[in-house]
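Here are the chains, one letter per residue:
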There are 2 protein chains.
Amino acid sequence: MTMTSRVKVVEVGPRDGLQNEATVALAAKVDLINALSNAGVSYIESGSFVSPKWVPQMADSADVLAQIERHEGVTYAALTPNMKGFDAALAARADEVAVFAAASEAFSQKNINCSISESLARFEPLMAAAQAADIRVRGYVSCVLGCPYQGEVPIAEVVRVAEALYEMGCYEISLGDTIGVGTPLHAQRMLAAVAEAVPMPQLALHFHNTYGQALANIAACLPLGVATIDSAVAGLGGCPYARGASGNLASEDLVYMLHGMDIETGIDLPALAQAGQAICQQLGHKTRSQVAQALLQQTSAE
Amino acid sequence: MTMTSRVKVVEVGPRDGLQNEATVALAAKVDLINALSNAGVSYIESGSFVSPKWVPQMADSADVLAQIERHEGVTYAALTPNMKGFDAALAARADEVAVFAAASEAFSQKNINCSISESLARFEPLMAAAQAADIRVRGYVSCVLGCPYQGEVPIAEVVRVAEALYEMGCYEISLGDTIGVGTPLHAQRMLAAVAEAVPMPQLALHFHNTYGQALANIAACLPLGVATIDSAVAGLGGCPYARGASGNLASEDLVYMLHGMDIETGIDLPALAQAGQAICQQLGHKTRSQVAQALLQQTSAE
């Protein structure tokens, strides 16, 4: 296992980020996604086809996908919890879709009101439809380093759920530290265990920064060979389990670290930071990216 | 080289932190240091004996050292740039003193108006006086991963300055990423190089979090065997080279990570976070510790 020389950054700001922020105008979402594409981001989770009753922030995902400029080589993906969502995503020309399951039984029950096994079984028709439509499906596993309800989550459970999603046909499994409680050795051990069941090139890290640990955990995992990492520009999205605290790792902070380690991302960092500034102005709050803050202060000092 | 099972956390909040904040009342500083001692912090940089013209926030350091409750086993240290400062620190019964030099020639000239070599030579009488008084001297090296004026700083220069301070009699050398620009591989390479000239047990890391990289850099350096790390409760102190941006790494975030890695610190994390909250209330701003923010939100939710 050797360190990768290139990381695919999966930008989740327009979905995982904005679904935990105040609702912004359709035009602002379209501008954000276009700015991300222009900054060299190659994978953008652009919306979610869920009930607007549960996630009103994502009600206009079809319009978002209709209005963005699609860049060649960029994947515009959408989250689809069920067949209805999948059909809508397909109609909106999402390039890929994503499904999710929890590694914590307590979280699965509280979040989607069914067991982990039931949640996996429910995805079967969607997986079949995606295969028929030649649409790739990404699988998210939540609570891989801890759960807001049950606390500790056994690594064996993470392996089991990741393997199940992979065997159902997900081409990539994103391992989510949903509440950001993980620390480097735990993250390393979890990733190493999952990589025995799912090949490392099919694994991604999705670490939240609620306790400031996300980059440290990623730095600890990179030597294991992981090469796909999720993050959100400007650190969009708070933590629904600790309101006021941070959620997603800021893409700017991740890209800064990777470039500093001579790991390519294809992303133009100043352009990425500008995309983050623009959406924060729409949201009316400061960026949660330390790098963006430092770059801004430098610019204003010059 | 193996990972340590215990880290000495050097708390620099009352000095490196508060010297970059608005001036707080003497009683608040005394309360802060007492709260840190009560939380199990074993080393507290408690003040600075510099000209109040340059650092008005530290003008009452003698009063601080006179009024704190001294706990057995806790070291109360002070920064002393010259003999006058050293004499004052000795009179105030500082347990230890600290001196500083830059690894960057440009920084040395701009910051203290002399070359690195001149700055080292000026410490010679202080080192002799400290030896005579049986007072230990800690040495800080600034700009070890980059300089706000010259940009890159060669690792060989860091090694040279660290070795010089060690040979002059400093018992511990704290390697400072003054502007927080470092990334994990650079930090690792720098530490490994310095450790060839100064034994690892005599080295400390002092990484600022301006670009969000501090914990990642520390996580990358821990496997090399480093066992002393500087941080500031609540992330006290901004970055003087990028106003509005973060400076010191928050002690809470560091301790959270270390405990998560089964590395002992002797520190009670909730008590540490409370100490941070109290001083932030005095300063009138939010904590810069992600862990403290998350703990606060949890508490208010319960």
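Residues numbered from 1 in each chain as written. Chains lettered and ligands numbered in written order. Predicted model: local features only at pLDDT ≥ 70, side-chain atom pairs only at ≥ 80, totals over all residues. Heavy atoms only, no water.

Q: An account of the relation of the copies chain A and chain B is needed here, citing residue identities and associated values.
A: Rotating chain A by 180° and translating it 0.0 Å along the rotation axis places it on chain B, where the RMSD comes to 0.0 Å. Such a turn and shift between the copies fits a two-fold axis. No C-alpha of chain A approaches the rotation axis more nearly than that of Ala216(A), which lies at 1.8 Å. Comparing interface residues between copies, 100% of those in chain A also lie at the interface in chain B; the contact surface is shared. (Least-squares fit on C-alpha atoms with pLDDT ≥ 70 in both. Contact = heavy atoms within 4.5 Å.)

Q: Break down the confidence of the model for chain A for me, with residues and values.
A: Per-residue pLDDT for chain A has a mean of 95; in total, 98% of the residues score no lower than 70. Here the complex is predicted with pTM 0.96, and the ipTM for its interfaces comes to 0.95. (pLDDT = per-residue confidence, 0-100.)

Q: How would you sum up the nonpolar core? Please name residues and give values.
A: Leu175(A) and Leu222(A) are the most contacted members of the largest nonpolar core, which has 105 residues in total. Among the elements that make up this core, the one with the highest residue count is helix α12 (residues 269–283) of chain A (six residues). In contact with Leu175(A), not counting residues within four places along its chain, are Val141(A), Val144(A), Val158(A), Ala162(A), Met190(A), Leu191(A), Val194(A), Leu203(A), Ala204(A), Leu205(A), His206(A) and Phe207(A). Among the nonpolar cores identified, the runner-up in size contains 104 residues, and Ala216(A), Val10(B), Ala78(B) and Leu203(B) belong to it. (Core = buried A, V, L, I, M, F, W, Y, C linked by side-chain atoms within 4.5 Å. Buried < 20%, exposed > 50% of the residue type's maximum accessible area, 1.4 Å probe, protein only. Helix = DSSP H or I, 4+ residues; strand = E, 2+ residues; numbered from the N terminus.)

Q: Lay out helix α2 (residues 26–38) of chain B in plain terms, naming residues and giving numbers.
A: All names here are of chain B. Relative to the 18 Å expected for 13 residues at 1.5 Å per residue, α2 spans 18 Å between its end C-alpha atoms, a close match to the ideal helical length. The complete set of buried residues in α2 reads Ala-28, Lys-29, Val-30, Leu-32, Ile-33, Asn-34, Leu-36 and Ser-37. Among the structural elements, β1 (8–11), α1 (13–17), β2 (43–48), α3 (61–67), β3 (75–79) and α12 (269–283) are those in contact with the buried residues of α2. Gly-40 sits one or two positions beyond α2 and adopts a positive phi of about 100°. (Expected span 1.5 Å × (residues − 1).)

Q: Before we move on, can you summarise the pairing of strand β6 (residues 172–177) of chain A with the specific residues and values?
A: Sheet faces and side chains relate simply in a regular strand, where the side chains alternate between the two faces. Residues and elements named next belong to chain A. In terms of burial, β6 is largely enclosed, as six of its six residues are buried. Neither face of β6 is left uncovered, since the one carrying Glu-172, Ser-174 and Gly-176 and the one carrying Ile-173, Leu-175 and Asp-177 both have all their residues buried. Two elements, strand β5 (residues 136–142) and β6, share four bridges in a ladder whose sense is parallel. In the strand pairing of β6, Val-141 is matched with Leu-175. (Pairing = 2+ DSSP bridges.)

Q: Got a sec to walk through unusual backbone geometry? Specific residues and values, please.
A: All names here are of chain B. With a phi close to 60°, Cys-143 is a non-glycine residue in the positive phi region. With respect to the helices and strands, Cys-143 occurs in the loop between β5 (136–142) and α8 (155–168). One non-glycine residue with positive phi stands out, namely Asp-262, at about 60°. Mapped onto the elements of the fold, Asp-262 is located in the loop between α11 (251–260) and α12. The exposure class assigned to Asp-262 is exposed, which follows from its relative accessible area of 66%.

Q: Got a sec to walk through the interface of chain A and chain B? Specific residues and values, please.
A: Each partner contributes to the interface: chain A provides 31 residues, whereas chain B provides 31 residues. Between chain A and chain B the total buried area reaches about 2600 Å² when both faces are included, carbon and sulfur atoms providing 59% of it. It is Tyr211(A), Tyr256(A) and Gln290(A) that lose the most area in chain A upon contact with chain B, and together they represent 25% of the buried surface on that side. Across the chain A-chain B interface, the total number found is zero salt bridges. Taken together, chain A and chain B are joined by eight residue pairs in polar contact (both at pLDDT 80 or more). At the level of elements, α9 (184–194), α10 (214–221), α11 (251–260) and α13 (290–301) of chain A are the ones that each hand at least two residues to the side of chain A that touches chain B. Ranked by residues supplied to the side of chain A that touches chain B, first place goes to α13(A) with seven residues. (Buried area = accessible area lost by both parts, 1.4 Å probe. Salt bridge = Lys/Arg side-chain N within 4 Å of Asp/Glu carboxyl O. Polar contact = N/O pair within 3.5 Å; in protein donor to acceptor, adjacent residues only side chain to side chain.)

Q: Please set out α11(A) residue by residue, giving values where relevant.
A: Count 3.6 residues to each turn of an α-helix, and residues three or four apart come out pointing the same way. All names here are of chain A. With eight of ten residues buried, α11 lies mostly within the body of the structure. Listing the buried residues of α11 in full gives Ser-251, Glu-252, Asp-253, Leu-254, Val-255, Tyr-256, Met-257 and Leu-258. Among the residues trailing α11, Asp-262 stands out with phi positive, at a value near 60°.

Q: Hey, could you go over the environment of Gly182(B) for me, with residue numbers and the actual values?
A: Looking at where Gly182(B) falls in the secondary structure, it is placed in the loop between β6 (172–177) and α9 (184–194). Separated by 26 residues in sequence, Gly182(B) and His208(B) have C-alpha atoms that sit 8.9 Å apart. Those residues in contact with Gly182(B) that lie beyond four places of it in its chain are Tyr256(A), Leu145(B), Asp177(B), Gln213(B) and Asn217(B).

Q: Pulling in residues and values, what's your account of the packing of aromatic side chains?
A: Taken as a whole and assessed by the stated rule, the structure comprises six aromatic pairs over all chains. Ring geometry for Tyr211(A) and Tyr256(B): centres 4.8 Å apart, planes at 20°, overall stacked. Residue Tyr211(A) is located in the loop between β7 (203–207) and α10, and its partner Tyr256(B) is located in helix α11; the two belong to separate chains. The class of Tyr211(A) is buried, set by a relative accessible area of 5%. (Phe/Tyr/Trp six-rings, centres within 6.5 Å; stacked < 30°, edge-to-face > 60°.)

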